[in-house]
Amino acid sequence: MMISAGTFHVIFTELTIGMFALSGVAFLLCALQKGPESREAVAHWALLGGLIATPFAIISGVNAIPSGGIDNPLLANKLLLSMASSGLAIGVLIRRKFGGNVDFRHAGIGMVSVGLMLTTAGMGGEYSRGETLLFLIPKDTVMIFPIWASALLIVIAMVIIGKSTIEHRTR
């Protein structure tokens, strides 16, 4: 007996969203500086768990599409938002690995990553069931960056990585 791509997608989507939601609550506690001391560990480990499950959710989701491809703007936006969320999550985890403090900014970026992933989940609900809580987000157009904006983001990322590397080596 085989598990269908749709069932596999539901399993990994729920795992991804659950881990990101747990991470979001823990990052909120970090930002507020409230709760148990384990909040930082919970935030980062849950984020890592959600990040590990994300590719499985994406791949199974693409395989579960009846048309076999991403020809719907809603699905393209889901892919864009999940990739943006994954990139931010990787940045948060790398910063923590190199000894960055979990300050308000760090927790805020973690919560933005969580928010993007939860937005992705809301769009998935609209695609599959026709219902969502995301009323104000445009879903009929795909938000693709022009090449100059992508190049600018790459330059900014390289500057941030270089600055972080220099700061880490001077410690």
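The preceding data block contains the structure.
What counts and how
- Residues numbered from 1 in each chain as written.
- Predicted model: local features only at pLDDT ≥ 70, side-chain atom pairs only at ≥ 80, totals over all residues.
- Heavy atoms only, no water.
- Helix = DSSP H or I, 4+ residues; strand = E, 2+ residues; numbered from the N terminus.
- Buried < 20%, exposed > 50% of the residue type's maximum accessible area, 1.4 Å probe, protein only.
- Contact = heavy atoms within 4.5 Å.
- Lys, Arg positive; Asp, Glu negative; His and termini not counted.
- Charge placed at Lys NZ, Arg CZ, Asp CG, Glu CD.
- Core = buried A, V, L, I, M, F, W, Y, C linked by side-chain atoms within 4.5 Å.
- Expected span 1.5 Å × (residues − 1).
- Axes fitted to C-alpha atoms, helices over the stretch in contact; angles between N-to-C directions.
- Left-handed = near helix turned anticlockwise from the far one by under 90°.
- Nonpolar A, V, L, I, M, F, W, Y, C, P; charged D, E, K, R; others polar.
- 1 Å grid on protein atoms, 1.4 Å probe; cavity = no way out; pocket = protein on both sides within 12 Å on 5 of 7 lines; lining within 4 Å.
- Points joined across faces, edges and corners; volume = space filled by probe spheres on them.

**Student:** It is not clear to me how the overall build of the protein should be interpreted in this structure. Could you clarify?
**Tutor:** Along the protein, the regular secondary structure elements total five helices and zero strands. Reading the protein from its N terminus to its C terminus gives the helix and strand order α-α-α-α-α. Counting only C-alpha atoms and orienting by the principal axes, one finds that the protein spans roughly 55 × 40 × 35 Å. Looking at the 171 residues of the protein, the share that counts as buried comes to 31%. Residue pairs at least 24 apart in sequence account for 73% of intrachain contacts in the protein once pairs closer than 6 positions are excluded. Between the averaged position of the 12 positive side-chain charges in the protein and that of its 9 negative side-chain charges there is a distance of 12 Å.

**Student:** It is not clear to me how the environment of G115 should be interpreted in this structure. Could you clarify?
**Tutor:** With respect to the helices and strands, the residue G115 is situated in helix 4 (residues 104–129). Considering only alpha carbons, one finds G115 and L136, 21 residues apart in sequence, at a separation of 15 Å.

**Student:** How should I be thinking about unusual backbone geometry in this particular structure?
**Tutor:** Comment: phi is negative for the bulk of residues other than glycine, and the bulk of peptide bonds are trans. For Q33, which is not a glycine, the phi torsion comes out positive at approximately 55 degrees. Along the chain, Q33 turns up in the loop between helix 1 (5–32) and helix 2 (39–64).

**Student:** In this structure, what is going on with the environment of F12? I would like to understand it.
**Tutor:** By the element assignment, F12 lies in helix 1. Taking the C-alpha atoms as reference points, F12 and I59, 47 residues apart in sequence, are found 9.9 Å from one another. Here F12 is in contact with A53, F56 and A57, once residues within four sequence places are set aside.

**Student:** What am I meant to see in the nonpolar core here?
**Tutor:** Soluble, globular proteins show a tendency: their nonpolar side chains are buried together. Residues F20, F27, L47 and A107 are the most contacted members of the largest nonpolar core, which totals 16 residues. Looking at this core, the elements with two or more residues in it are helix 1, helix 2, helix 3 (73–97) and helix 4. Sort the elements by how many residues they give to this core and helix 1 lands first, with six residues.

**Student:** Looking at this structure, I do not really get helix 3. What am I missing?
**Tutor:** The α-helix winds at 3.6 residues per turn, so residues separated by three or four positions along the chain end up facing the same way. With 25 residues, helix 3 should reach 36 Å at 1.5 Å per residue; the first-to-last C-alpha distance of 36 Å fits that figure. Elements that come into contact with the buried residues of helix 3 comprise helix 1, helix 2 and helix 4. Backbone geometry just downstream of helix 3 places G99 in the positive-phi region, at approximately 85 degrees.

**Student:** Is there a simple way to explain the packing of helix 2 against helix 3 in this structure?
**Tutor:** The relative placement of two packed helices comes down to the angle between their axes together with the axis-to-axis distance. The interhelical angle for the contact between helix 2 and helix 3, taken along N-to-C directions, is 145 degrees, at an axis separation of 10 Å. Both helix 2 and helix 3 take part in a crossing whose hand is left-handed. Residues E40, H44, L47, L48, L51, T54 and I58 of helix 2 pack against L79, S82, M83, S86, A89, I90, V92, L93 and R96 of helix 3. Per-class residue counts for the contact of helix 2 with helix 3 are 10 nonpolar, four polar and two charged.

**Student:** Any chance you could explain the layout of surface pockets here in plain terms?
**Tutor:** A probe as big as a water molecule, rolled over the atoms, marks out the empty space that is left. Considering only enclosed or pocket space, the largest pocket measures out at about 1,500 Å³ in volume. Around the largest pocket, the lining comprises 32 residues; the ones closest to its centre are G87, L88, G91, A157 and I160. Listing elements by their share of the lining of the largest pocket, those giving two or more residues are helix 3, helix 4 and helix 5 (147–170). In terms of residues, the lining of the largest pocket owes the most to one element, helix 3, which gives 11 residues. Counted by class, the lining of the largest pocket contains 19 nonpolar, eight polar and five charged residues. A volume near 770 Å³ is recorded for the second largest pocket. Lining the second largest pocket are 32 residues, and of these H9, T13, K78, G124 and G125 lie nearest its centre. Mapped onto the lining of the second largest pocket, the elements with two or more residues apiece are helix 1, helix 2, helix 3 and helix 4. The element contributing the most residues to the lining of the second largest pocket is helix 4, with nine residues. Its residues placed into classes, the lining of the second largest pocket shows 15 nonpolar, 13 polar and four charged.

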